[in-house]
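Coordinate inspection notes
Residues per chain, in single letters:
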Amino acid sequence: MMQDRPIALVTAAAGAGIGAAVARRLAADGLDVVVTDAHDRRRSEMASRLADEFGRPFLSYRLDVTDHAQIEEVIGRLADSTGRIDVLVNNAGWSRIEPVAEMSIDTWQRCLDVDLTGTFLCMRHVLPVMIDACGGSIVNISSIAAWETSTDHGAAYSAAKAGVLALTRVAAAENGRHGVRVNAVAPGLIYNDFLRRIYPEEFFEGYAETRSLLGRVGRPDDVAELVSFLASERAAYITGEVFGVSGGVAPRG
């Protein structure tokens with residue numbers, strides 16, 4: 001990694017979803033992307049693919065965002081070795097759909113631990129690095145589930161993602177004077193095969209035709225393009241904001 005390149009840490013950056021698309025887009029922007037993921041094989045393979053594609057090495061670390069000690073260790077090691085963390089993308093997420101009246105405590109706690117507390121913990125340890133550097137950009141991946149009145153997403157996921165929006169706004173208010181910007185992106189249905197494990201088949205049937213104003217479901221690259229903008233100096237006067245990427249399914253006015 002070159003010391004003069006901006007450094008971006010992306011959580012859940014392996015696999016075939018939003019995280020991998022964001023990692024690849026930021027690498028194309030010239031950032032040294034640090035690939036973190038709880039899955040060892042996928043993260044190392046992703047770092048290798050990026051190295052092959054862009055002709056430079058990429059760091060990867062195992063990172064479970066529910067493990068506070070591991071987050072502290074990884075971010076501390078990265079800050080010590082590079083002296084900077086310019087961009088943080090909190091992408092790690094988990095969901096299991098269960099009605100409130102039947103939801104297990106384990107489902108509720110796991111969803112909050114990954115989606116909300118994991119986002120907080122990564123911010124908690126990256127923010128001091130950015131404050132010391134007098135600048136940085138954090139992009140939190142929320143969801144339209146944060147404001148939709150719907151049974152599609154499940155209460156635990158919806159509550160966690162709504163919490164991410166509040167966390168984003170307060171962190172932006174606290175840290176703007178330090179030159180640190182904090183924004184959130186709220187995707188709608190961004191398709192990848194993993195979603196088939198969460199949602200029933202009927203959830204996908206007719207979605208593009210009946211809900212999306214653009215006649216298609218979202219792609220990970222749709223989110224990655226917006227993250228790229230928010231992470232960059234092109235968005236230098238944008239903080240505390242939430243941007244939907246839903247094909248018009250759940251606009252906010």
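To keep things clear, this report deals only with the structure shown in the data block. (Residues numbered from 1 in each chain as written. Predicted model: local features only at pLDDT ≥ 70, side-chain atom pairs only at ≥ 80, totals over all residues. Heavy atoms only, no water.)

Some thoughts on the side chain of asparagine 90
Keep this limit in mind: A helix here means a DSSP run of H or I that spans at least four residues, while a strand means a run of E at least two residues long, and both kinds are numbered starting from the N terminus. In this scheme, a residue with accessible area under 20% of its type's maximum is buried, one over 50% is exposed, and one in between is partly exposed, where area comes from a 1.4 Å probe on protein chains only. Polar contact is defined as a pair of N or O atoms within 3.5 Å, subject to the rule that within protein one atom must be able to donate a hydrogen and the other to accept it, and that residues adjacent in sequence are counted only when both atoms are side-chain atoms. Any two residues having at least one pair of non-hydrogen atoms within 4.5 Å are treated as being in contact.
Of note, asparagine 90 is situated in strand β4 (residues 87–90). Classification of asparagine 90 by relative accessible area gives buried; the value is 2%. In terms of polar contacts, asparagine 90 uses its side chain to reach the side chain of asparagine 140, at 2.8 Å. Once residues lying within four places of it in the same chain are set aside, the contact partners of asparagine 90 are Thr11, Gly118, Thr119, Cys122, Met123, Ile138, Val139, Asn140 and Ile141.

Quick look at the sheet that holds strand β3 (residues 60–62)
As a reminder, the rule being used: For two strands to pair, DSSP has to find at least two bridges joining them. Helix axes are fitted to C-alpha atoms over the stretch in contact, other axes to C-alpha atoms as well, and angles between N-to-C directions run from 0 to 180 degrees.
Read from one edge to the other, the open sheet built from seven strands follows the order β3-β2-β1-β4-β5-β6-β7, with strand pairing classed as parallel. If you trace the sheet from one side to the other, it starts and ends with β3 and β7 (242–245), each paired once. The mean inter-strand angle of the sheet, taken between neighbouring strand axes irrespective of direction, is 20°. Here strand β5 (residues 136–141) runs beside strand β6 (residues 180–187); their pairing, made up of six bridges, is parallel. What sits directly across from asparagine 140, in β6, is alanine 184. The strands that helix α1 (residues 18–28) touches are β1 (7–10), β2 (32–37), β4 and β6; relative to β1, the one it contacts most, it runs at about 175°.

Description of the layout of surface pockets
Unoccupied space between atoms shows up once a probe the size of one water molecule is rolled over them. Convention followed: Cavities and pockets are defined on a 1 Å grid built over the protein atoms alone: a cavity is a set of grid points where a 1.4 Å probe fits but cannot escape, while a pocket is an open set with protein on both sides within 12 Å along at least five of seven lines, and lining residues are those with an atom within 4 Å of any such point. Grid points are joined across faces, edges and corners, and a volume is the space filled by probe spheres set on the points. The residue classification treats Ala, Val, Leu, Ile, Met, Phe, Trp, Tyr, Cys and Pro as nonpolar and Asp, Glu, Lys and Arg as charged. All others, Gly included, are polar.
If you add up the space inside the second largest pocket, you get close to 220 Å³. Residue lining of the second largest pocket: 16 residues in total, with Val87, Ser137, Ala231, Ser232 and Glu233 positioned closest to the centre. Taken together, the elements giving at least two residues each to the lining of the second largest pocket come down to β5 and α8 (220–231). Taken together, the residues of the lining of the second largest pocket break down into five nonpolar, six polar and five charged.

Focus: the pattern of salt bridges
This is how the line gets drawn: Each reported salt bridge corresponds to a side-chain nitrogen of Lys or Arg within 4 Å of a carboxyl oxygen of Asp or Glu.
Scanning all chains against the criterion turns up twelve salt bridges. Residues arginine 43 and aspartate 40 are paired through a salt bridge, measuring 3.2 Å at the closest nitrogen-oxygen approach. Of this pair, arginine 43 and aspartate 40 are both found in helix α2 (residues 40–54), three residues apart, which corresponds to roughly one turn of the helix. Using a relative accessible area of 15% as the deciding quantity, one classes arginine 43 as buried. A relative accessible area of 36% places aspartate 40 in the partly exposed class. Where aspartate 40 meets arginine 62, a salt bridge forms, and the shortest distance between an N and an O atom there is 3.6 Å. Of this pair, aspartate 40 sits in helix α2 while arginine 62 sits in strand β3; the two residues are 22 residues apart in sequence, bridging distant segments of the chain. Judged by its relative accessible area of 35%, arginine 62 is partly exposed. Ionic contacts of the salt-bridge type, sharing partners, join the residues Arg5, Asp32 and Arg56 into one network.

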